[in-house]
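Architecture and fold: a report
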Amino acid sequence: MGEHAKLTLEGKDYEFPVFIGSEGEKAIDISSLRAKTGYVTLDPAYVNTGATTSAITYLDGEQGILRYRGIPIEQLAEHSTFVETSYLLIHGHLPNKEELQQFSGLLTRHSMIHEDMKHFFDGYPQSAHPMAILSSMVCSLSAYYPESLNVYENMDIQSTRLLSKLRTIAAFSFKKSIGQPIMYPQDRLSYCENFLQMMFAVPSRDFEFDPDIVRALNILLILHADHEQNCSTSTVRLVGSSQTNLYAAMSSGILALWGPLHGGANQAVIEMLEEIQRSGMKCSEFVEKVKDKDSKIKLMGFGHRVYKTYDPRAKILKEMTDLILSKKGKSDPLLDLAKELEEAALTDPYFIERNLYPNVDFYSGILYKEMGIPINMFTVMFAIGRLPGWIAQWKEMMDDPNSKIGRPRQIYTGATEREYVAMDKR
Ligand code: SDX
């Protein structure tokens, strides 16, 4: 008989089974709680609530461990590519040669968007935030692939199609925003090379690839590829649980990611660093402002719901940024400022007591900037990286014969029953 949780309510004893995961994580299975007791649990922001079991990504927030399908993120960053890691997340194992060739071939074949979709870009003001364009373009793909409305039909081709087209839509929106002609994807190029040429090539001259930048882009996208049940992934699962089409579910993930507390933090970090630089404020002064609750200022790129130690991704990004800049014989005052801020925070009791460390967003923006990616596209880069994770999590849910539409409960605290009052009596 496995471990049980005992609960006494109104003098009655209840028992609920304990669920233990493959890494020893423990949960109380309360799926029968309301039926047995009439009670529901209350857990705003789901801080203590597991919404699902999952075999995709494992995080240990205390140890700073992140593994995709059991493989440590450090090994994937060192040896893998974004396409190979996407396959691993979605299909559960590293692809052999044939599988990788076939997957890459599909990404190449589906890299274009319908020519009519180009007109969508003309409707946006030049100042439109690319996350608004990205989410609406992704949702609009369902209009060009009506077969996707039957969500269980050809899930693989729909998701592979989107993996390739998201990158194209992002690059096209950038070209439109700077008034340059769009550059079409080229079959002979790898996933990351294609993105870079669609972003930065111009018809009048050959495009030179910097292998360090191509490698850095692969690693950046690998590091962002999945992160278990974060805000945007939970959004994708909840929206997808209504059996809406893939494009609608992924579009909702893009919108959740946009928030500055989530994926929008990479843009907010650079804006914060540039503001400190512009104001001439010392790091110590800024840290004092952050500690003053009334200032409502956060140290963006710091803190995490799960990691209570250094985010392993931030460690890799910090080293990679150093390497890329030193190889180019460059320095970036924003990187120096970020390091100074990190040092000031990590020695300050306010941050130590709250286990606040750099997260994935603290250094990523400095690398994106070095690649020439504009600040308002940093969260778009996060979305391109996170898409295989959203797809893998969505597929895991859709493939589960026991999955149901997500529908949390509430505890009502409003007015009890009262009569309608006619206007002349109010
Ligand atoms: C991502 O979930 C994921 O996995 C997300 C992600 C992924 O890959 O999908 O890892 C990507 O979203 C990373 C996080 C990016 N966001 C930021 O960098 C924004 C700044 N960080 C914070 O807003 C905050 O740390 C969160 C949102 C990330 C986490 O917030 P929690 O878990 O709700 O923690 P909290 O707000 O309850 O903070 C606990 C305490 C509070 O102080 P007290 O009330 O105890 O006095 O820590 C303080 C907070 O005020 N705090 C901060 C802080 N983060 C938390 N104080 C100053 N600066 C910060 N950044």
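Residues numbered from 1 in each chain as written. Predicted model: local features only at pLDDT ≥ 70, side-chain atom pairs only at ≥ 80, totals over all residues. Heavy atoms only, no water.

Before going further, it helps to examine the domain arrangement of the protein chain. According to the domain assignment, the protein chain contains domain 1 (4–60), domain 2 (71–258) and domain 3 (265–371). Here the C-alpha centre of domain 3 lies 27 Å away from the C-alpha centre of domain 2. The interface is formed by 15 residues belonging to domain 2 together with 16 residues belonging to domain 3. Taken together, the two surfaces of domain 2 and domain 3 that pack against each other cover about 1500 Å², and 71% of this comes from carbon and sulfur. Counting the surface domain 2 buries against domain 3, the share from its top three residues, Leu220, Leu223 and His227, is 36%. Viewed at the interface, domain 3 and domain 2 are joined by 2 salt bridges. (Domains from an automatic or database assignment. Contact = heavy atoms within 4.5 Å. Buried area = accessible area lost by both parts, 1.4 Å probe. Salt bridge = Lys/Arg side-chain N within 4 Å of Asp/Glu carboxyl O.)

The next point concerns the packing of aromatic side chains. This structure, assessed with the given rule, holds 13 aromatic pairs. Judged by centre distance (4.9 Å) and plane angle (85°), the rings of Phe362 and Tyr363 are edge-to-face. For the residue pair Phe362 and Tyr363, the accessibility class agrees, reading buried in each case. Put simply, the rings of Phe302, Tyr350, Phe351, Phe362 and Tyr363 touch in pairs and so form one group of aromatic residues. Taking the ring centre of Tyr191 as reference, the NZ or CZ of Arg167 above it sits at 4.2 Å. (Phe/Tyr/Trp six-rings, centres within 6.5 Å; stacked < 30°, edge-to-face > 60°. Buried < 20%, exposed > 50% of the residue type's maximum accessible area, 1.4 Å probe, protein only. Lys NZ or Arg CZ within 6 Å of the ring centre and 35° of its normal.)

Turning to the nonpolar core, a few remarks are in order. Membership of the largest hydrophobic core comes to 112 residues, with the highest contact counts inside it found for Phe195, Met250, Met272, Leu273, Leu299, Leu341 and Trp394. Broken down by element, the residue count for this core peaks at 13 residues, all from helix α18 (residues 378–398). Looking at which domains feed residues into this core, each of domain 2 (71–258) and domain 3 (265–371) gives three or more. In this view, Phe195 contacts Arg167, Ala170, Ala171, Leu217, Ile373, Met381 and Ile384; residues no more than four positions away in its chain are not counted. (Core = buried A, V, L, I, M, F, W, Y, C linked by side-chain atoms within 4.5 Å. Helix = DSSP H or I, 4+ residues; strand = E, 2+ residues; numbered from the N terminus.)

Moving on, we get to the site of the ligand. Close to the ligand lie 24 residues, the nearest being His227, His304, Arg305, Arg313 and Arg386. One nitrogen or oxygen atom from the side chain of His262 is found 2.9 Å from an oxygen atom belonging to the ligand. Between an oxygen atom of the ligand and a side-chain N or O atom of Lys293, the distance comes to 2.9 Å. For the ligand, the accessible surface in isolation is 1100 Å², of which the surrounding protein chains cover 76%. Residue classes in the shell around the ligand are distributed as 10 nonpolar, 7 polar and 7 charged. (Near = heavy atom within 4 Å. Polar contact = N/O pair within 3.5 Å; in protein donor to acceptor, adjacent residues only side chain to side chain. Areas by Shrake-Rupley, 256 points an atom, 1.4 Å probe, with all protein chains shown as cover. Nonpolar A, V, L, I, M, F, W, Y, C, P; charged D, E, K, R; others polar.)

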